[in-house]
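# Architecture and fold: a report
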Amino acid sequence: MTELIHMKDNYTRRFEAEITEVLDGGVVLNRTAFYPLGGGVGDDKGMIIADKKYNVVGTKWQDGKAIHLIEDTTGLRVGMTVNGEIEWGRRYKLMRNHTSAHLLEAMVFNKTGALIGSGNVSVDKGYLGFTLENMDKELIEQAVKDANKLIEKGAPVKIYFMDRKTALADKDMVKLATKLPPEVKELRIVEIEGIERQACGGPHIADISEIGKIEIVKMDNKGKNNRRLYYRAV
Ligand SMILES: [Zn+2]
């Protein structure tokens, strides 16, 4: 199992690790700051530095291992100590767009009661697909304005862990805890202080003020279970 540094610290850009496997087109490390989990959030790129620099063109998760995709792994061997460095500009945009998604989710829910049916976070934008009978553009626009007011004030984004049993006893968390497979014993909670919290394994910024401002890219009507709001942190 690769230790995922971002689970506790989203701001680690450089780290030291040991190669545990060399594959055709990638290497597995014992620990990594690269984000490999997917779940609708873009993965990390960057480099692995040994006697020379190797470009990491993406990161994926397979059987509990983080695979760092490298075209030519010649020179890399199991047991070697290497340095990893993530492409921070890309990662930071993903973090800002991702925390924006959590905030917008709460704001749109407050205004409309709509839940999220789908979503995706990439570097240049994100979208949220709401389950809504009617797409009310004004309400959504107002929700984005509300989000921007909160961003101006700022609020810490806290990350902590909750065991399944505690989550089952918590009325806000119980739905989520029962939804996750029983083998998930510990939930990683991402909480925007005083605003919303949910279980999430992705990378986040430490305070919503880092978002700057949320801008609507477009709204798209893909049926009542998929009213899409495209947005970006600017
Ligand atoms: Zn999340």
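This write-up is about the structure you can find in this document. Note that the structure is predicted; figures quoted are calculated from it, not measured.

Next up on the list: the coordination of the zinc ion. Only His98 (NE2), His102 (NE2) and Cys200 (SG) from the protein coordinate the zinc ion, and they sit 2.0 to 2.2 Å from it. Along the chain, the residues donating to the zinc ion fall in the pattern H-x3-H-x97-C. Residue His102 is found in helix H1 (residues 88-112), and its partner Cys200 is found in the loop between strand E14 (196-199) and strand E15 (214-221); the two are separated by 98 residues along the sequence. Exposure remark for His102: the relative accessible area of 3% places this residue in the buried category.

The next subject is the environment of Lys213. Structurally, the position occupied by Lys213 is in the loop between E14 and E15. Placed 61 residues apart in sequence, Lys213 and Glu152 show a C-alpha to C-alpha distance of 8.1 Å. Excluding residues that lie within four positions of it along the chain, Lys213 makes contacts with Asn148, Arg232, Ala233 and Val234.

Glancing now at the environment of Met162. Considering the arrangement of structural elements, one finds Met162 in strand E12 (residues 157-163). On the basis of relative accessible area, Met162 is assigned to the buried category, the value being 9%. A sequence separation of 121 residues divides Met162 from Val41, and the C-alpha atoms of the two residues are 22 Å apart. When sequence neighbours within four positions are dropped, the list of residues in contact with Met162 reads Ala167, Asp170, Met173, Lys185, Glu186, Leu187, Ile189 and Arg197.

We now examine unusual backbone geometry. A positive phi angle is found at Asp63, which is not glycine, with a value near 50 degrees. Its location among the elements puts Asp63 in the loop between strand E7 (58-62) and strand E8 (65-69). Given the relative accessible area of 71%, Asp63 is considered exposed.

What follows covers H1. Here H1 contains 25 residues, and its C-alpha end-to-end distance of 35 Å stays within 8% of the 36 Å for a straight helix at 1.5 Å per residue. One or two steps after H1, the chain reaches Gly113, where phi turns positive at roughly 75 degrees.

Overall, antiparallel pairing links the seven strands, which are arranged E6-E5-E9-E2-E3-E8-E7 in an open sheet. Unpaired on one side and paired on the other, strand E6 (53-56) and E7 mark the two borders of the sheet. Adjacent strand axes in the sheet meet at a mean angle of 40 degrees, parallel and antiparallel pairs treated alike.

Two descriptors summarise a pair of aromatic rings, namely the distance from one centre to the other and the angle between the planes of the rings. Using the criterion set out here, one finds four aromatic pairs in the structure. When the centroid spacing of 6.0 Å and the interplanar angle of 80 degrees are considered together, the rings of Phe15 and Phe34 count as edge-to-face. Within this pair, whereas Phe15 is found in strand E2 (residues 14-23), its partner Phe34 is found in the loop between strand E4 (31-32) and strand E5 (46-49), the two being separated by 19 residues in sequence. Residue Phe15 is classed as buried on the basis of its relative accessible area of 5%. Look at Phe34 and you get buried, because its relative accessible area is 0%. Between the aromatic rings of Trp88 and Tyr92, the centroid separation amounts to 5.7 Å while the plane-to-plane angle is 25 degrees, which identifies the pairing as stacked. Highlighted residues: Trp88 and Tyr92, both in helix H1, separated by four residues, approximately one helical turn. Tyr92 sits in the partly exposed class, given a relative accessible area of 24%. Aromatic ring contacts, followed pair by pair, group Tyr11, Trp88 and Tyr92 into a single cluster.

Rules used throughout
- Residues numbered from 1 in each chain as written.
- Predicted model: local features only at pLDDT ≥ 70, side-chain atom pairs only at ≥ 80, totals over all residues.
- Heavy atoms only, no water.
- Donors = N, O, S within 2.8 Å, 3.2 Å for Na, K, Ca; no water.
- Helix = DSSP H or I, 4+ residues; strand = E, 2+ residues; numbered from the N terminus.
- Buried < 20%, exposed > 50% of the residue type's maximum accessible area, 1.4 Å probe, protein only.
- Contact = heavy atoms within 4.5 Å.
- Expected span 1.5 Å × (residues − 1).
- Pairing = 2+ DSSP bridges.
- Axes fitted to C-alpha atoms, helices over the stretch in contact; angles between N-to-C directions.
- Phe/Tyr/Trp six-rings, centres within 6.5 Å; stacked < 30°, edge-to-face > 60°.

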